[in-house]
Amino acid sequence: MHDVAVVGGGPVGVLLAVLLAQRGVDAVVIEERDCIAERPRAVGIHPPAVEALAEAGVDVAAHGRALHDGAAFADGRELGRLRLDGVYTLAQQQVERMLRAQLATLRPGGLVLGERVHGLRRVPGGRELLLESGRRGPTARLIVGADGIGSSIRELAGIGSVARRGTAHYIMADVAGDGLGDSALLSFERAGVVESFPLPGAGRRWVALVPRPRPAASVAELAAIVAARTGLHMPTDATTASSFTARQHLSRRVVGEGANADIVLLGDAAHEISPIGGQGLNLGWLDARALAEVLTGDRDLGRYNAERMRAASRASAQAAFNMGMGRPLPGPAHAARSLTIRALARPPFAPRLADAFTMRTL
């Protein structure tokens, strides 16, 4: 019987397994996907997550691109800058590959691919994972659900979730370099926010708020939005654009109660946070790091539950604020927003705002 069975082999679940393996804990990961998805996903990695990944042997600084600062604009004028020391961009799929390689080295066979968990069965001393393939699943003393927004483990544990403020629709594309350097760009315009982040290899990601979902978003459409709102030229060499909707939900608990006290939720299974800036993924990595410390230290899961619920609530509130600041506004309200951003980018607020945006307070 394993000590821990992690359901979900994305970057959060595998980070937990690596950290546990380093500490001598026997963990196995079950992942439904056969391969890592290559579509553009989260790229921002904040300082606390950089530290957590470094503990797992993933050197973000060596592979990612450092952000020097973030510049806020409106109507072609700079409103202010925020220092983003310690923030890097690096594709989520690249981090996943490095984490899987670490796990394969530390615990060969510790990642089982192509298996979907559809149930749990009590066995002496723990639980057995029931697999849709009919094969016999692993047994473990503790079950960790890191299986995403539609978590089956959360459902099996009977843990509900609550919708939180903040829903918005975006389109995005990754393109070749455009001469904007190592600064993140946030343009708060009347028609909605446009964001741009430098990527490793002299590329950039462009993201724009749109009023409704765009199932068939195009690079040309995104470039037209960028030009209309900011006057900037976005290269159109990307092969595809993608769209996503940012929603927010928090589970009522991250540790099960009563008969389900042997179930813990991580990452998107525990909290759906706006992916803008990579906040949701970074919070999941911090969950994994904290859980590894609990399972190999003297802290209890009750305290872990309270601490991670508070962290998720703070992250959700910050994400809601960010989405609210980026919404379309008429002239007078838009002018007031610009004045607010200008004030927040100066002392005494700027250092606090930088800490919030870089997730140092979580």
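On a predicted model such as this, the values are computed, not experimentally measured, just so you know.

Asks: Explain the pairing of strand β14 (residues 183-189) residue by residue, including any values.
Replies: Most of β14 is tucked away: 7 of the 7 residues are buried. In β14, alternate side chains face the same way, and those of Ser 183, Leu 185, Ser 187 and Glu 189 on one face and Ala 184, Leu 186 and Phe 188 on the other are all buried. Of the pairings in the sheet, the one linking β14 to strand β15 (residues 192-199) comprises 5 bridges and is antiparallel in character. Within β15, the position partnered with Ser 187 by the bridge is Val 194.

Asks: Explain the packing of helix α2 (residues 47-55) against helix α7 (residues 279-295) to me, using residue names and the numbers behind them.
Replies: Interaxial distance between α2 and α7 falls to 9 Å at its minimum, and their mutual angle equals 50 degrees. As the angle between them shows, α2 and α7 are arranged oblique. Between α2 and α7 lies a crossing of left-handed hand. Judged by residue contacts, Pro 48, Ala 49, Glu 51, Ala 52, Leu 53 and Glu 55 of α2 engage Asn 282, Trp 285, Leu 286 and Arg 289 from α7.

Asks: Which residues make up the pairing of β15, and what are the values?
Replies: β15 sits mainly inside the fold: 8 of its 8 residues count as buried. A loop of 2 residues connects β14 with β15, the two strands running antiparallel in sequence. Bridging between β15 and strand β16 (residues 203-210) involves 6 bridges; their strand directions are antiparallel. Looking at β16, one finds that Pro 198 is bridged to Arg 204.

Asks: Run through the environment of Ala 184, naming residues and quoting values.
Replies: As for its placement among the helices and strands, Ala 184 is situated in strand β14. A relative accessible area of 2% places Ala 184 in the buried class. Considering only alpha carbons, one finds Ala 184 and Pro 332, 148 residues apart in sequence, at a separation of 26 Å. Not counting the four nearest positions on each side in its chain, Ala 184 is found in contact with Leu 67, Asp 69, Gly 70, Ala 71, Leu 84, Ser 196, Phe 197, Pro 198 and Arg 204.

Asks: I'd like a rundown of the side chain of Thr 230, residues and numbers included.
Replies: Along the chain, Thr 230 turns up in helix α6 (residues 219-230). What makes Thr 230 buried here is its relative accessible area of 18%. Within the structure, Thr 230 has its side chain in polar contact with the backbone oxygen of Val 226 (distance 2.6 Å). Within the local environment of Thr 230, its side chain forms a polar contact with the backbone nitrogen of Leu 232, the two atoms lying 3.0 Å apart. Setting aside residues no more than four positions away along its own chain, Thr 230 makes contact with Ser 187, Glu 189 and Val 194.

Asks: Give a detailed account of the sheet that holds strand β20 (residues 271-272), specifying residues and quantitative values.
Replies: Sheet strands line up and pair through hydrogen bonds in the backbone, either parallel or antiparallel. Taken in spatial order, the 3 strands make up an open sheet running β12-β18-β20, and their pairing is antiparallel. Pairing within the sheet leaves two strands with one partner each, and these edge strands are β12 (161-163) and β20. For strand β18 (residues 249-251) and β20, the ladder comprises 2 bridges, and the chain directions are antiparallel. Bridge pairing in β20 links His 249 to Glu 272.

Asks: Now, about unusual backbone geometry: what can you tell me, with residues and values included?
Replies: Across the junction of Pro 347 and Pro 348, the peptide omega takes the value 5 degrees, indicating a cis bond. When you line up the elements, Pro 348 lands in the loop between α9 (331-344) and α10 (349-357). We note that Ala 202 has phi near 70 degrees; this positive angle belongs to a residue other than glycine. For Met 359, which is not glycine, the phi torsion reads 65 degrees and is therefore positive.

Asks: Explain the environment of Ala 216 to me, and be specific about the residues and the numbers.
Replies: Relative to the elements of secondary structure, Ala 216 occurs in the loop between β16 and α6. Residues Ala 216 and Thr 240, spaced 24 residues apart in sequence, show a C-alpha to C-alpha distance of 9.8 Å.

Asks: Give me the sheet that holds strand β3 (residues 44-45): which residues, what numbers.
Replies: Strand order in this open sheet of 3 strands is β3-β7-β4, and the pairing throughout is antiparallel. Both edges of this open sheet fall to β3 and β4 (65-66), since each of them pairs with a single strand only. Across 2 bridges, β3 lies against strand β7 (residues 88-89) in antiparallel orientation. Considered in β7, the bridge of Gly 44 is made with Thr 89.

What counts and how
Residues numbered from 1 in each chain as written. Predicted model: local features only at pLDDT ≥ 70, side-chain atom pairs only at ≥ 80, totals over all residues. Heavy atoms only, no water. Buried < 20%, exposed > 50% of the residue type's maximum accessible area, 1.4 Å probe, protein only. Helix = DSSP H or I, 4+ residues; strand = E, 2+ residues; numbered from the N terminus. Pairing = 2+ DSSP bridges. Axes fitted to C-alpha atoms, helices over the stretch in contact; angles between N-to-C directions. Parallel < 35°, antiparallel > 145°, perpendicular 65-115°, else oblique. Left-handed = near helix turned anticlockwise from the far one by under 90°. Contact = heavy atoms within 4.5 Å. Polar contact = N/O pair within 3.5 Å; in protein donor to acceptor, adjacent residues only side chain to side chain.

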